[in-house]
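Each chain is listed here by its residues.
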Amino acid sequence: MTNMTKSSPTPTATDGTPFLEVDNLKVHFPTADGVVKATDGLSFNLERGKTLGIVGESGSGKSVSSSAILGLHRGTNAQVSGEIRLDGVDLLSLSNEEMRLRRGKDIAMIFQDPLSAMHPYYSVGVQLAEAYRVHNNVNRKAARTRVVEMLELVGIPQPDRRYDAYPHQFSGGMRQRAMIAMALINDPTLVIADEPTTALDVTVQAQILDLLTNLQKEFNTAVIIITHDLGVVAEMSDDVLVMYGGRAVEYGPCREVLTHPEMPYTWGLLSSVPDVSADTNARMVPIPGNPPSLLNPPSGCAFHPRCTFRDEVPGDLCTTVLPELEPASRPGHLKRCHLADPDRIYAKQVLPEIAPDLAKEA
Amino acid sequence: MWAYAARRTAIGLVLLLVLSFVTFVLFFAAPVDQARYACGKQCTEEQIAVTERALGYDKPVYEQWGAFVKGIVAGRQFPADPEVRAAAPETVSDCAAPCLGYSKLNAKTVNELIGDAAPISIALALVAVVMWLIGGVSLGILAAVTKGSIVDRGIVGLTLVAYAFPSFFIGVFMLKYVAIRWELVPLPRYVSIEDGGVFTWLENLLLPGFVLALLFLAGYVRMTRAFVLESLSEDYIRTARAKGLKGRVVLFKHGLRAALTPLVTMTGLDLAGLLGGAIITESVFAYPGLGLLTVQASNAWDLPTIIGVVVLAGAFVIVANIIVDIAYAFIDPRVRLG
């Protein structure tokens, strides 16, 4: 990271309202078979310079929600409701043209698979320059200078020569760096990274995450990182939001949620993480069953058909009543679960199985 | 790239040789006395025998084919038999390389016949290709962006209806109404650019060109629609929108760019097929192009003319294939020739 040419933008004055505020966001897709509720009442906040990790299985509504923030559902038949306030402006009330002008400038997105996310017929440099010129009235030469500067910033060697290379001529890691450069080229205040390291091998993953963290510090960007990898969340996030069936099921400070999870789905996610340094007696326990249908979600708590702890809840609460997202036993931590004493169950039944060493310490 | 082009050209030449040989064999396998046809109905047996010698039909197939190939490379003289030429020097006609043969029926070399007919077919094909490309691509894009709506269904349905009507029907219909009854365009007859200027040339080509284009329009509308829809569902389109590009730029610069690649292939091959002559359209409008020449030659068993047209049409298709494959490397940076 040499040649840092950009100075950090000054943080916005804190007047009490968060920088990004998503309130009761719903994204519904009407289909011939009924309404698919991909996101159903999602709320979260994010400050500048902070990172929110959104975790969940495929089809839990992670990507759909972030596309809604970027306004990518406009022009489709998706029904988006709720409020998305960025720096006090409700993005959902903007016109299509006003939203387009913010897209790529104020809010940028880093996509999962940079090979398919970049156009195969245009060179990497041209695609980055296009992203710059759409929001900056500069000539080709100035755009090229800016692109080369960004490519260098993200650690691409010989950026001036690589400008004219096509995406297929880049390695996976280099493509993802170029993708990050493209997202950051207009100094966005909010960056959404949609599984930025999923397509990469582990050694490159670490480099890309480091790069993202450094650039975030440099530009004081708010980052939403979407992933199913709890390791990535643990390393990157300040806050974590666990999604299931289009809803938040657990939300709180990263450290808090990962060390004292209170929702059986989060336990399941933690149990599924392989850890090379763990006790050899530790087991990896997969979550039984499949993600729920968003067309006909299960009654009550959407997780109940797969939940191995629903017998601990008296009566048929789990199958009939959707639990509210309410404060957990510790401050700042929200959970959506009927279990009366989740801490005790986690310590007694889950932890000894997945991390015997931690259970003994406790 | 040059090595690739050279290799493809060599393969193409071999293909043409095979093509001409197969045509020779096919015509000799037919139970028809070529010389009797060439000589005419009133000929005596002796006259037929003389005709047979004069045209070289008395020789085995491979010798005739050899003489044909030699004529292409070095040119030849007709009548084919040297003794016949010596006996009647006033009937000898020269045919310079690349000589495609001599049509006794028309008393002209095949090169002259093709030289007269080819510009007409090429003009017709070019006018048609421009019409169906403009119509097909723009209607295809419109159908793609209005997918599922009444506009989309209307476009796809109407072009399909137009496609379902045989072109001789549409041709005669157009002639009768557009040209004769409503007098919107002059009754089409071929006028070369030298004779009538570009405007008259084009005006006379409008109707036959349209009838020919209509035949291809439906296919191009559906292909364009499918390719654009496929391209618009790609991840890089989402990236383009996420950059904040205008909808127009996303559609044309990013969406259409990828959709055009397969269209280039189709257009190249369809155009090459048409350059060999549009048989039905040329017959309906009495345009003396390669298509009409082929029909007349086939009816009269005019073997040299048929072989000449077949080899030429084959050459068009082979050359178009090579050009399309090379063009691919320029259109798609991922393609490497080899």
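As the structure is a prediction and not an experimental result, all values here were calculated from the model.

## Overview of the interface of chain A and chain B
Frequently, the measure chosen for interface size is the accessible area removed from exposure when the parts meet. Listed as interface residues are 25 residues of chain A and, on the opposing side, 21 residues of chain B. A combined buried area of about 2,300 Å² lies between chain A and chain B, and 57% of that area is made up of carbon and sulfur atoms. Applying the counting criterion to the chain A and chain B interface returns two salt bridges. Across the pair Glu130(A) and Lys253(B) runs a salt bridge, and its minimum N-O distance is 3.1 Å. On the surface where chain A and chain B come into contact, there are 16 residue pairs in polar contact (both at pLDDT 80 or more). Those elements that place two or more of their residues in the side of chain A that touches chain B are helix H3 (114-117), helix H4 (124-133) and helix H7 (172-184) of chain A. Considering each element in turn, the side of chain A that touches chain B owes the most residues, three residues, to H4(A). In terms of residue class, the side of chain A that touches chain B is built from 13 nonpolar, eight polar and four charged.

## Considering the nonpolar core
The biggest cluster of nonpolar side chains holds 75 residues, and the ones touching the most others in it are Leu20(A), Phe44(A), Ile69(A), Leu190(A) and Ile224(A). Aside from chain neighbours lying at most four places away, what touches Ile69(A) is Val22(A), Phe44(A), Ile84(A), Leu91(A), Met99(A), Ile107(A), Leu190(A), Ile192(A) and Ile224(A). One finds Ile120(B), Val129(B), Ile141(B) and Leu251(B) within the second-largest nonpolar core, a separate group that totals 42 residues.

## Quick word on the layout of surface pockets
In this approach, a probe sized like a water molecule rolls over the atoms, and the result shows the empty space that is left. Size it by volume and the largest pocket reaches roughly 1,100 Å³. Elements with a contribution of two residues or more to the lining of the largest pocket: helix H1 (62-70) and helix H2 (96-102) of chain A together with helix H6 (110-145), helix H9 (193-232), helix H10 (235-242) and helix H11 (247-275) of chain B. The dominant element in the lining of the largest pocket, judged by the number of residues it contributes, is H10(B), at four residues. Split into classes, the residues belonging to the lining of the largest pocket amount to 10 nonpolar, nine polar and 10 charged. As for the second largest pocket, its lining consists of 30 residues, and the residues nearest its centre are Leu270(A), Asp275(A), Ile354(A), Ala355(A) and Leu358(A). Elements with a minimum of two residues in the lining of the second largest pocket: helix H9 (230-236), helix H10 (254-259), helix H11 (264-271), helix H13 (342-354) and helix H14 (356-361) of chain A. Broken down by element, the residue count for the lining of the second largest pocket peaks at five residues, all from H13(A). Classifying every residue of the lining of the second largest pocket by side-chain character gives 17 nonpolar, six polar and seven charged.

## Some details on the domain arrangement of chain B
Residues and elements named next belong to chain B. As far as domains go, chain B holds domain 1 (33-111) and domain 2 (114-299). On a C-alpha basis, the centroid separation for the pair domain 1 and domain 2 is 41 Å. Facing the five residues of domain 1 at the interface are four residues of domain 2. Taken over both partners, the interface formed by domain 1 and domain 2 buries close to 300 Å², and the fraction arising from carbon and sulfur atoms is 45%. Run the count over domain 1 and domain 2 and you get one salt bridge. Salt-bridge contacts for Asp116 lead to Lys108; the nearest nitrogen and oxygen are separated by 3.5 Å.

## Notes on the environment of Thr39(A)
Residues and elements named next belong to chain A. Its location among the elements puts Thr39 in strand S2 (residues 34-46). Among the residues examined, Thr39 registers a relative accessible area of 0% and is labelled buried. Between the C-alpha atoms of Thr39 and Lys26, which are 13 residues apart in sequence, the distance is 5.1 Å. Beyond its immediate chain neighbours, meaning those up to four positions away, Thr39 contacts Leu25, Lys26, Val27, His28, Gly61, Val64, Ser65 and Gly246.

## Observations regarding the state of the cysteines
Following the criterion strictly, the structure yields one disulfide over all chains and no others. One disulfide bridge connects Cys95(B) with Cys99(B), the sulfur atoms lying 2.1 Å from each other. Judged by the torsion about the S-S bond (105°), the Cys95(B)/Cys99(B) disulfide is right-handed. The residues Cys95(B) and Cys99(B) share a single accessibility class, namely buried. The thiol of Cys307(A) is not disulfide-bonded; the next cysteine sulfur, from Cys318(A), is found 6.1 Å away. The exposure class of Cys318(A) is buried, given its relative accessible area of 13%.

## Description of the sheet that holds strand S8 (residues 222-227) of chain A
All names here are of chain A. One open sheet accounts for eight strands, arranged S6-S7-S8-S3-S9-S10-S12-S11; its pairing is mixed. Here the strands that pair on one side only, and so sit at the sheet edges, are strand S6 (107-110) and strand S11 (326-327). In terms of strand pairing, strand S7 (residues 190-194) meets S8 through five bridges, oriented parallel. Across the sheet, the residue bridging to Val191 is Val223, located in S8.

Rules used in this analysis
Per chain, residue numbering runs from 1 following the sequence as it is written. Chain letters and ligand numbers both follow the written order, the letters beginning at A and the numbers at 1. Selection of residues for local features in this predicted model requires a pLDDT of at least 70, selection of side-chain atom pairs for listing and counting requires 80 or more, and totals for whole chains, interfaces and linings are taken over all residues. Heavy atoms throughout the structure, all of them, feed into the side-chain values; hydrogens and water do not. By the convention used here, residues are in contact when the closest approach between their heavy atoms is within 4.5 Å. Buried area is calculated as the accessible area (1.4 Å probe) missing from two parts once they are joined, with the contributions of both summed. For this document, the term salt bridge refers to a Lys or Arg side-chain nitrogen within 4 Å of an Asp or Glu carboxyl oxygen. As used in this structure description, the phrase polar contact means that two N or O atoms lie within 3.5 Å; if the pair is within protein, one of them must be able to donate a hydrogen and the other to accept it, and residues adjacent in sequence are counted only when both atoms belong to side chains. A helix here means a DSSP run of H or I that spans at least four residues, while a strand means a run of E at least two residues long, and both kinds are numbered starting from the N terminus. All amino acids are sorted into three groups, where Ala, Val, Leu, Ile, Met, Phe, Trp, Tyr, Cys and Pro are nonpolar, Asp, Glu, Lys and Arg are charged, and the leftover types, Gly among them, are polar. Remark: nonpolar core denotes a set of buried residues (Ala, Val, Leu, Ile, Met, Phe, Trp, Tyr, Cys) joined through side-chain atoms within 4.5 Å. For every residue, the accessible area (1.4 Å probe, protein chains only) is compared with the maximum for its type, and the residue is labelled buried under 20%, exposed over 50%, or partly exposed between those bounds. For cavity detection a 1 Å grid was placed over the protein atoms alone, and a set of points counts as a cavity when a 1.4 Å probe fits there but cannot get out; an open set counts as a pocket when protein lies on both sides within 12 Å along at least five of seven lines, with lining residues being those that have an atom within 4 Å of a point. Grid points are joined across faces, edges and corners, and a volume is the space filled by probe spheres set on the points. Residue ranges assigned to each domain were obtained from an automatic or database domain assignment. When the sulfur atoms of two cysteines come within 2.5 Å, that pair is taken as a disulfide. Note on pairing: DSSP must find at least two bridges between two strands before they are called paired.

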